[in-house]
Amino acid sequence: MLKRIRKFWVVLCVGCCAGWLLPASAQQVSDKHATKEAKRLFQRLYTLQSKYRIFGHQDALAYGVGWKGIPGKSDVATVVGEHPGLMGWDIGHLELDAAKNLDDVPFDSMKQYIRQVHAAGSVITISWHLRNPLTGGSAWDTTHGTVASILPGGSKHAVFNSWLDKVAVFMQDLKDDNGRYIPVLFRPFHEVTGNWFWWCKNNATAENIQQLWRYTVQYLREQKKLHHLLYVYNTAEFADAQAFLQYYPGDDVVDVMSFDQYQHEPVAQKQQFIQIMQQRVQVLCATAQSHKKIAALAETGMEAVPDPQWWTTVLLPIVERYPLSYVLVWRNHGYMPSTGKMHYYGPYAGQVSAADFLRFYQHPVMLFQQKLANQKVNKRKR
Ligand code: BMA
């Protein structure tokens, strides 16, 4: 009898570890060999999204409006006293072996920030404005045929592989103090339904775009043995669920479904923006739920936030009622000589929307770093 009970427990434990006992329909990370930390991050984000929205900001610790590289500072913290719960980073120009990314953030500092904020309880997401491998131009060089040129058999396939090798080296360097890989939400080939990057829909067939995605994930997983990445599928605008999924590469290579959209409408027409965003978020969340994926608004914002109530009258109604895991606003660059405009999306002390951001921060649905850390998204079970 004792033997039988022991056998039962052994089978049960092995079964649990292998995921056998999860119902076939349960949500799971797409990588069968995902690290424990990546699995845990997926499960926690999936669970939390029914109740909370994590607030994210691009490059939050690296610089803000009027400052750069001040240890421990973020523009968000100047308003609410703590950092965002999610931080976005971009590895554009890593493929060039550059010391800094396309927005002047040194890659070494980026790795330090990532280790630091992960330890403090924030989640990391990484995008990649990679240059055009066919022409050597920027990510915005939309030369037709670039995607086909880097697929197996294409003239730039070897170049693309060498770029993926560099991404792998960077990702392999993201470890915590205990030597464990820091899980990352990786969002390559973003805004696929736009028309401004070489990987966007007007420059390649849907089939080529899907092949590129699958090739990239398989290369990083199988050749490079990276198992701490969750993959974020991301579109720009879309008309309906079918359009949203037109470039979707498959449930086995995606963990998060998301889209990017900014408010370009003037403040007086914000209702129009809210309405369209609510419709899109609804479609996104329903689609993500039916595929058992996490849903996110991966980039949004209103440049220079001229609306003093933008956070509670625009962003909150867009994210509050829907099971979205996170919402990220783009970077706080400050004055941009090339456009002659201020280019920032997050608040900072003294900014016209700062008081409203504080109210947004206090809303029970929002998670910033401390509350998120208490939710133990990154933490190992003791
Ligand atoms: C854009 C702008 C650019 C930047 C790029 C990549 O939206 O912010 O200035 O280089 O993103 O971060």
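Everything numeric in this text was worked out from a predicted model, so none of it was measured.

A. Structural view of the packing of aromatic side chains. Counted according to the given criterion, the structure contains 30 aromatic pairs. The interplanar angle of 50° and the centroid separation of 5.7 Å between the aromatic rings of Trp311 and Phe360 together place this pair among those described as tilted. Of this pair, Trp311 sits in helix α10 (residues 310–319) while Phe360 sits in helix α11 (residues 354–362), placing them 49 residues apart in sequence.

B. Focus on the side chain of Arg187. Within the secondary structure layout, Arg187 lies in strand β6 (residues 184–187). Within polar-contact distance, the side chain of Arg187 engages the side chain of Asn234 at 3.2 Å. Contact partners of Arg187, with chain neighbours within four places excluded, come to Ile126, Ser127, Trp128, Val232, Asn234, Ser258, Asp260, Ala298, Glu299 and Trp330.

C. Region of interest: unusual backbone geometry. The phi dihedral of Lys225 is positive, around 55°, even though this residue is not glycine. For Lys225, the position within the fold is in the loop between α7 (206–223) and β7 (229–235). For Ala304, which is not a glycine, the phi torsion comes out positive at approximately 65°. Structurally, Ala304 can be placed in the loop between β9 (294–300) and α10.

D. Summary view of the site of the ligand. Close to the ligand lie Leu102, Asp103, His129, Trp140, Trp330, Arg331, Met336 and His343. Relative to its unbound accessible surface of 310 Å², the ligand loses 78% to contact with the protein. Looking at side-chain class alone, the shell around the ligand contains four nonpolar, two polar and two charged residues.

E. How the structure looks around the pairing of β9. Among the seven residues that make up β9, seven are buried, leaving the element largely enclosed by the rest of the structure. Sheet analysis places strand β8 (residues 256–260) next to β9, joined by five bridges and oriented parallel. Pairing of Phe259 across the sheet is with Leu297, part of β9. Of the crossover connections in this fold, the one passing from β8 over helix α9 (residues 270–291) to the parallel β9 is right-handed. Pairing geometry for β9 and strand β10 (residues 326–329), over three bridges, is parallel. Its bridge partner lying in β10, Leu297 is registered against Val327. For the segment spanning β9, α10 and β10, crossover handedness is right-handed.

F. Region of the structure containing α11. Looking only at α11, the buried set comprises Ala354, Asp356, Phe357 and Phe360. One face of α11 carries all of its buried residues, which in axial projection span an arc of 150°. Across from the buried face of α11, at angles greater than 90 degrees, the exposed residues are Ala355 and Gln362. Next to the buried residues of α11 lie β1 (53–58), α3 (75–80), α10 and β13 (366–367).

G. Expanded view of the packing of α10 against α11. Their axes nearest at 8 Å, the elements α10 and α11 cross at an angle of 45°. Relative to α11, α10 is oriented oblique. For the pair α10 and α11, contact is made by Trp310, Trp311, Thr312, Leu315 and Leu316 and by Asp356, Phe357, Arg359 and Phe360, respectively.

H. Representation of the nonpolar core within the structure. Counting residues in each nonpolar core, the largest one holds 119 residues, and the members touching the most others are Trp89, Ile91, Ile126, Phe170, Met171, Leu185 and Phe186. The contacts of Leu185, once residues within four sequence positions are left out, are Leu41, Leu45, Leu86, Val123, Ile124, Thr125, Ile126, Leu230, Val232, Val256 and Tyr326.

I. Representation of the pattern of salt bridges within the structure. Under the counting rule described, the total for this entry stands at 16 salt bridges. When salt bridges that share partners are traced, they join Glu37, Asp176 and Arg180 into one network.

J. Examining the pairing of β7 more closely. Along β7, seven of the seven residues are buried, which leaves the element largely enclosed by surrounding structure. Here three bridges tie β6 to β7, and the two strands are oriented parallel to one another. In the sheet register, Val184 faces β7, and the bridge partner there is Leu229. After leaving β6, the chain enters α7 and then returns to the sheet as β7, a path that is right-handed. By the bridge criterion, four bridges tie β7 to β8 in an arrangement that is parallel. Each bridged residue has a counterpart across the sheet, and for Tyr233 the counterpart in β8 is Met257.

Rules used in this analysis
Residues numbered from 1 in each chain as written. Predicted model: local features only at pLDDT ≥ 70, side-chain atom pairs only at ≥ 80, totals over all residues. Heavy atoms only, no water. Phe/Tyr/Trp six-rings, centres within 6.5 Å; stacked < 30°, edge-to-face > 60°. Helix = DSSP H or I, 4+ residues; strand = E, 2+ residues; numbered from the N terminus. Polar contact = N/O pair within 3.5 Å; in protein donor to acceptor, adjacent residues only side chain to side chain. Contact = heavy atoms within 4.5 Å. Near = heavy atom within 4 Å. Areas by Shrake-Rupley, 256 points an atom, 1.4 Å probe, with all protein chains shown as cover. Nonpolar A, V, L, I, M, F, W, Y, C, P; charged D, E, K, R; others polar. Buried < 20%, exposed > 50% of the residue type's maximum accessible area, 1.4 Å probe, protein only. Pairing = 2+ DSSP bridges. Right-handed = clockwise from strand over helix to strand, strands pointing away. Arc of directions from axis to C-beta. Axes fitted to C-alpha atoms, helices over the stretch in contact; angles between N-to-C directions. Parallel < 35°, antiparallel > 145°, perpendicular 65-115°, else oblique. Core = buried A, V, L, I, M, F, W, Y, C linked by side-chain atoms within 4.5 Å. Salt bridge = Lys/Arg side-chain N within 4 Å of Asp/Glu carboxyl O.

Remember, this is a structural readout, not a statement about activity or role.
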